[in-house]
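One letter stands for each residue in the lines below.
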Amino acid sequence: MANFYCKCCGKKYSSLTQLTSCSCSMSSTRKHVLYEGPEQTNYYCECCGKKYSSLTQLTSCSCSKSSTGKHIPYEGSEKSQYLCKYCGKKYSSLTQLTSSSCSKSPAGRHSPAK
Ligand SMILES: [Zn+2]
Ligand SMILES: [Zn+2]
Ligand SMILES: [Zn+2]
């Protein structure tokens, strides 16, 4: 992968050393956190399933379903079916998956497996 992104603020770096040595205004630890998913045309929030065309956009909007109040990028790739990592239930979209409640998840909501 040629670019490294912070999953808290969406900032792009050309090296991991650069990313980890700069401070991040949006992270709770004040450090950028490496986004470990693939570079893709669409990015989804793993808490609410909302779609954005860039990580910068995703991270700058607030999320009503996330515990931090910010969207958290889903680090898996786009697929035809998404599985809940707690109960294994399948959904055809992240929006559907995140809007249903899950009895096995600590947050009470399904959370997508990568
Ligand atoms: Zn950052
Ligand atoms: Zn969200
Ligand atoms: Zn579930």
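Residues numbered from 1 in each chain as written. Chains lettered and ligands numbered in written order. Predicted model: local features only at pLDDT ≥ 70, side-chain atom pairs only at ≥ 80, totals over all residues.

Peer 1: Whenever I open this one, the overall build of the chain confuses me. Can you help?
Peer 2: Along its length, the chain carries three helices and six strands. The N-to-C order of helical and strand elements in the chain reads β-β-α-β-β-α-β-β-α. Relative to the globule expectation of 13 Å for 114 residues, the C-alpha radius of gyration of the chain, 14 Å, shows essentially globular dimensions. The dimensions of the chain, computed from C-alpha atoms along their principal axes, are 40 × 25 × 20 Å. A buried classification covers 26% of the 114 residues belonging to the chain. (Helix = DSSP H or I, 4+ residues; strand = E, 2+ residues; numbered from the N terminus. Rg over C-alpha atoms; globule rule 2.2 N^0.38 Å. Buried ≥ 20, exposed ≤ 12 C-beta atoms within 10 Å, placed from the backbone.)

Peer 1: Which parts of the structure should I look at to understand the domain arrangement of the chain?
Peer 2: When cut into domains, the chain gives domain 1 (1-75) and domain 2 (79-114). Between the C-alpha centres of domain 1 and domain 2 there is a distance of 20 Å. In this complex, domain 1 contributes eight residues to the contact, which on the side of domain 2 involves eight residues. For the side of domain 1 that touches domain 2, the residue count by class is four nonpolar, one polar and three charged. (Domains from an automatic or database assignment. Contact = placed C-beta atoms within 7 Å. Nonpolar A, V, L, I, M, F, W, Y, C, P; charged D, E, K, R; others polar.)

Peer 1: Please explain unusual backbone geometry as it appears in this structure.
Peer 2: Most of the time, phi is negative for any residue but glycine, and the peptide bond is trans. Backbone geometry at Arg30 places phi at a positive 70°, although glycine is not the residue there. Residue placement: Arg30 occurs in the loop between helix 1 (16-21) and strand 3 (43-44). For Arg30, a count of 10 C-beta atoms within 10 Å gives the class exposed.

Peer 1: Teacher, can you tell me more about the nonpolar core here?
Peer 2: What tends to happen in soluble globular proteins is that the nonpolar side chains get buried as a cluster. With 18 residues, the main nonpolar core has Tyr5, Cys6, Tyr44, Cys45, Leu55 and Leu94 as its most contacted residues. For this core, the secondary-structure elements that each account for two or more residues are strand 1 (4-5), strand 3, helix 2 (55-60) and helix 3 (94-99). Residues lining this core come from more than one domain, with at least three contributed by each of domain 1 (1-75) and domain 2 (79-114). Each residue touching Cys45, except ones within four places of it in the same chain, is listed here: Lys50, Leu58, Cys63, His71, Ile72, Pro73 and Tyr74. (Core = buried A, V, L, I, M, F, W, Y, C linked by C-beta atoms within 7 Å.)

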